[in-house]
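Analysis of the macromolecular model
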Amino acid sequence: MSENKYLQTIVKALDDKKGNDIRVIRISEISSMCDYLVIADGSNRNQVQAMCNNVEHAMREAGAEMKNREGYANGGWILLDYYDIIIHVFSEKERSFYDLDNIWRDGELLRPGEY
């Protein structure tokens, strides 16, 4: 499956659990860490965990292999690493505090239909 299909799968899975302000940022031109970051937030720990559970299920169904997951027990900031795509799911407070949207502002913000 192509990265674009994986990105679509991730965004849909986050949206299905009412994820807020879902952003896909292409960073392949400015970082060797990965090609894309997906950033979203939820209103509380349970929603953040549910969003991540839904992404993991959808990506498993799509045949994607997860490299790593961090922060699940705390639920304030969960990172899901799918090699070329890294997903950051935050609580609203944590997203504001860490401000990854601003840190990666030099990346290309993609709109639906561009991935």
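Keep in mind it's a predicted model, so treat the numbers as computed, not measured.

**Some details on the packing of aromatic side chains**
In the structure shown here, the tally under the stated rule is three aromatic pairs. Here Trp77 and Tyr98 contribute two aromatic rings whose centre-to-centre distance is 4.6 Å and whose plane-to-plane angle is 50°, an arrangement assigned as tilted. With a gap of 21 residues between them, Trp77 in strand E4 (residues 77–82) and Tyr98 in helix H3 (residues 92–98) connect regions that are remote in the sequence. For Arg69, the ring lying beneath its charged end belongs to Tyr72, and the centroid distance is 4.4 Å.

**Thoughts on the nonpolar core**
Counting 26 residues, the largest nonpolar core has Val55, Ile85 and Ile87 as the members making the most contacts within it. At the level of secondary structure, the elements contributing two or more residues to this core comprise helix H1 (3–16), strand E2 (36–42), helix H2 (45–61), E4 and strand E5 (85–91). Apart from the residues lying within four places of it in its own chain, the contact partners of Val55 are Ile10, Ala13, Leu14, Leu80, Tyr82 and Ile87. Ranked by size, the runner-up nonpolar core spans 10 residues in total, among them Ile27, Ile39, Leu79 and Ile86.

**Some thoughts on the packing of H1 against H2**
Viewed as axis vectors pointing N to C, H1 and H2 meet at an angle of 145°, and their least axial separation amounts to 8 Å. Once H1 is placed against H2, the crossing between them reads as right-handed. Counted together, Tyr6, Thr9, Ile10, Ala13, Leu14 and Asp16 of H1 and Met51, Asn54, Val55, Ala58 and Met59 of H2 form the full contact between these two elements. Residue composition of the contact of H1 with H2, grouped by class: eight nonpolar, two polar and one charged.

**A word on the pairing of strand E1 (residues 20–26)**
With five bridges connecting them, E1 and E2 associate as antiparallel partners. By the bridge assignment, Asn20 is partnered in E2 with Asp41. Across three bridges, E1 lies against strand E6 (residues 108–110) in antiparallel orientation. Across the sheet, Arg26 pairs through a bridge with Glu108, a residue of E6.

**Some words on the pairing of E5**
Of all seven residues making up E5, seven are buried, and the element is well covered by its neighbours. Burial along E5 is two-sided: the face carrying Ile85, Ile87, Val89 and Ser91 and the face carrying Ile86, His88 and Phe90 are both buried. Examined bridge by bridge, E4 and E5 share six bridges and lie antiparallel to one another. Along E5, the bridge assignment pairs Trp77 with Phe90.

**What about H2?**
The end-to-end C-alpha separation of H2 is 24 Å, in line with the 24 Å expected for 17 residues at 1.5 Å each. Regarding H2, the residues found buried are Gln47, Val48, Gln49, Met51, Cys52, Asn54, Val55, Glu56, Ala58 and Met59. For H2, the secondary structure elements touched by its buried residues are H1, E2, strand E3 (68–70), E4 and E5. Between a side-chain oxygen at the N-terminus of H2 and the backbone nitrogen of Asn46 the separation is 3.0 Å; the capping residue is Asn44. One or two positions beyond H2, positive phi appears at Gly63, with a value near 90°.

The rules behind the values
Once a new chain begins, its residue numbering starts again from 1 and follows that chain's sequence as written. pLDDT decides what is reported in this predicted model: residues at 70 or higher carry local features, side-chain atom pairs at 80 or more are listed and counted, and totals for whole chains, interfaces and linings draw on all residues regardless. No hydrogens and no water enter the side-chain calculation; it runs on all heavy atoms of the structure. Two rings from Phe, Tyr or Trp (for Trp, the six-membered ring) form a pair when their centres are within 6.5 Å of each other. A pair whose planes differ by under 30 degrees is stacked, one over 60 is edge-to-face, and the rest are tilted. Only DSSP runs of H or I with at least four residues qualify as helices, and only runs of E with at least two residues qualify as strands; both kinds are numbered from the N terminus onward. To sit over a ring, a charge needs its Lys NZ or Arg CZ within 6 Å of the ring centre and within 35 degrees of the ring normal. Definition used in this section: a nonpolar core is a set of buried Ala, Val, Leu, Ile, Met, Phe, Trp, Tyr and Cys residues joined via side-chain atoms within 4.5 Å. Exposed residues in this analysis have more than 50% of their type's maximum accessible area, buried residues have under 20%, and partly exposed residues fall in between, with area computed by a 1.4 Å probe over protein chains only. For this analysis, residues touch if any pair of their heavy atoms sits within 4.5 Å. Each axis is a line fitted through C-alpha atoms, and for a helix only the stretch in contact is used; angles between axes span 0 to 180 degrees, taken between their N-to-C directions. Crossing chirality is assigned from the near helix's rotation relative to the far helix, an anticlockwise turn below a right angle marking it left-handed and a clockwise turn marking it right-handed. Gly is placed with the polar residues, together with every amino acid not listed as nonpolar (Ala, Val, Leu, Ile, Met, Phe, Trp, Tyr, Cys and Pro) or charged (Asp, Glu, Lys and Arg). In this description, strands pair whenever DSSP reports at least two bridges between them. One less than the number of residues in a helix, times 1.5 Å, gives the span that helix is expected to have. Polar contact criterion, stated in full: a pair of N or O atoms within 3.5 Å, where within protein one must be able to donate a hydrogen and the other to accept it, and residues adjacent in sequence count only if both atoms are side-chain atoms.

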